[in-house]
Amino acid sequence: MSESVVDIQGVTRRFGPKTALDDVSLTVPRGVVFGLVGANGAGKTTLIKHVLGLLRAETGSVRVFGRDPVADPVGVLSRIGYLSEENDLPGWMRVDELIRYTRAFYPDWDDTYAEELRQTFALDPAARVKNLSKGQRARAGLLIALAYRPSLLLLDEPSSGLDPIVRRDILAAIIRTIADEGRTVLFSSHLLEEVERVADHVTMIDQGKIALSAPLDAIKESHRCLTLRFAESRPQPPVVPGVLVWEGAGQEWTAVCRDGPARLEEAANQWGAQIVAERVPSLDEIFVARVGIPASAVAEE
Amino acid sequence: MQIHITTSDGVPPYLQIVNQVKYLVASGRLAAGEELPPIRVLALRLRVNPNTVARAYRELETAGVVEKRSTTGTYVSYAGSPLARREKLRIVIERIDALLAEARQLGFDAHEIHDLVRQRDAAMKPPESEK
């Protein structure tokens, strides 16, 4: 028995002519916060729908807690707390009805915890879901995703379009979940700042393919942002392997590179350029360098 | 304990915690024997992964800045002086470098700055300091 909570191997998914997922493999180990990042339409939601068993793997395999989520939806879904951007709660229900209704599905439902969350989130039990503000609706969704202490908390763009205070609640929920021994969080987001705060492992998806997947620490350690000052003004920067993107003008050019700074340092020497600044880029900068730029501008291999 | 985490400058969050705790200890805002918040509490307050706080505490422990006491918690260590000294030095050197860089820009040399520092130091001494 492996310790992985989610195990996806070689999954490809097409919608008509569009390839939404292209031979995607990833493993989410137990007890980590796993961040899934990618531009809109990169395939994050499609991937999450496979984990939930809402889509059947056309090729490859999906296992969650060692089970096939399509063949055994009860065994899988009873252990997942799920919140999506769409957050399609039944609008006609009152908050207390929503809580009672959801509770019926989960033997492990914790009434005390549910009530604690309801109070923390200041959710009026008599309010109709459809009359809640967007933020309160997200909190209601969060409550029913958390109150049975799921083994896996699965959040699909949970913070999208929400104010900072609700986003703070969502981050706190992620942190509390992981702080409880052995539980796991898989969340997708394009708020890289939040991912950088809470993720242990980051997977970047670009056009259905995994562009980068590694522990956040390793990603941060392998990427560097270097500013070079050339002796003379240059119309464009030199081509150096490992440099993902250049930015600058004239004599000063800044590169984001992968695999450490060594190759660029060597190249700088050769070009008679001085390295005037070196730092670790933010996840946001790494993401933009990795997937935000047309492939033609990247000096590969 | 006031710590601020930013993700805009690329410094890993655990290192920001390490640096800021060192700074707080060196500047006396965290006293020897003072207890640091539990990992989970600080993680929630800073909105970072608990593993990040755990890693920061481990590094601080290795560096001798804090010590774990059996099961109770993490405390600022009493024996942290050599590092605190080094850390204090680092803080001052940073300021001096910034001063020198600006002074050079404005056309002062190190000798003039040296004299000015003495002058200012004399001027700063409160007149009723003969205690």
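Note that this is a predicted model, so its numbers are computed, not measured.

Visitor: What am I meant to see in the overall build of chain A here?
Guide: In terms of regular secondary structure, chain A is built from 10 helices and 12 strands. For chain A, the spread of C-alpha atoms along the principal axes amounts to about 70 × 40 × 40 Å. Here chain A holds 301 residues, and 51% of them are scored as buried. Considering only contacts in chain A between residues 6 or more positions apart, those separated by 24 or more positions represent 66%. Total accessible area on chain A is roughly 13900 Å²; 49% of this is exposed by carbon and sulfur atoms. Of the charged side chains in chain A, 34 are positive and 42 negative, and the gap between their average positions amounts to 5 Å.

Visitor: It is not clear to me how the environment of cysteine 225 of chain A should be interpreted in this structure. Could you clarify?
Guide: Residue and element names in this part refer to chain A. Tracing the sequence through the fold places cysteine 225 in strand 10 (residues 224-234). Remark: the alpha-carbon pair of cysteine 225 and glutamate 193, spanning 32 residues in sequence, is separated by 18 Å. Not counting residues within four places of it along the chain, the set of residues in contact with cysteine 225 comprises Thr254, Ala255, Val256, Ala277, Glu278, Arg279 and Pro281.

Visitor: Before we go on, may I ask you to explain the side chain of threonine 7 of chain B in this structure?
Guide: As for its position among the elements, threonine 7 of chain B is in the segment before helix 1 (13-26). Given a relative accessible area of 8%, threonine 7 of chain B falls into the buried group.

Visitor: I would appreciate a short explanation of the sheet that holds strand 12 (residues 274-279) of chain A in the present structure.
Guide: Within a beta sheet, neighbouring strands are joined by backbone hydrogen bonds and run either parallel or antiparallel to one another. Residues and elements named next belong to chain A. Pairing is antiparallel across the open sheet formed by three strands, whose spatial order is 11-10-12. Looking along the sheet, the strands with just one partner apiece sit at the ends: strand 11 (243-257) and strand 12. In this sheet, adjacent strand axes meet at a mean angle of 25° when their direction is disregarded. By the bridge criterion, five bridges tie strand 10 to strand 12 in an arrangement that is antiparallel. Of the residues in strand 12, the one forming a bridge with leucine 226 is glutamate 278. This element, helix 9 (residues 262-271), spans strand 10, strand 11 and strand 12 of the sheet and lies at about 10° to strand 10.

Thresholds, definitions, all that
- Residues numbered from 1 in each chain as written.
- Chains lettered and ligands numbered in written order.
- Predicted model: local features only at pLDDT ≥ 70, side-chain atom pairs only at ≥ 80, totals over all residues.
- Heavy atoms only, no water.
- Helix = DSSP H or I, 4+ residues; strand = E, 2+ residues; numbered from the N terminus.
- Buried < 20%, exposed > 50% of the residue type's maximum accessible area, 1.4 Å probe, protein only.
- Contact = heavy atoms within 4.5 Å.
- Areas by Shrake-Rupley, 256 points an atom, 1.4 Å probe, with all protein chains shown as cover.
- Lys, Arg positive; Asp, Glu negative; His and termini not counted.
- Charge placed at Lys NZ, Arg CZ, Asp CG, Glu CD.
- Pairing = 2+ DSSP bridges.
- Axes fitted to C-alpha atoms, helices over the stretch in contact; angles between N-to-C directions.

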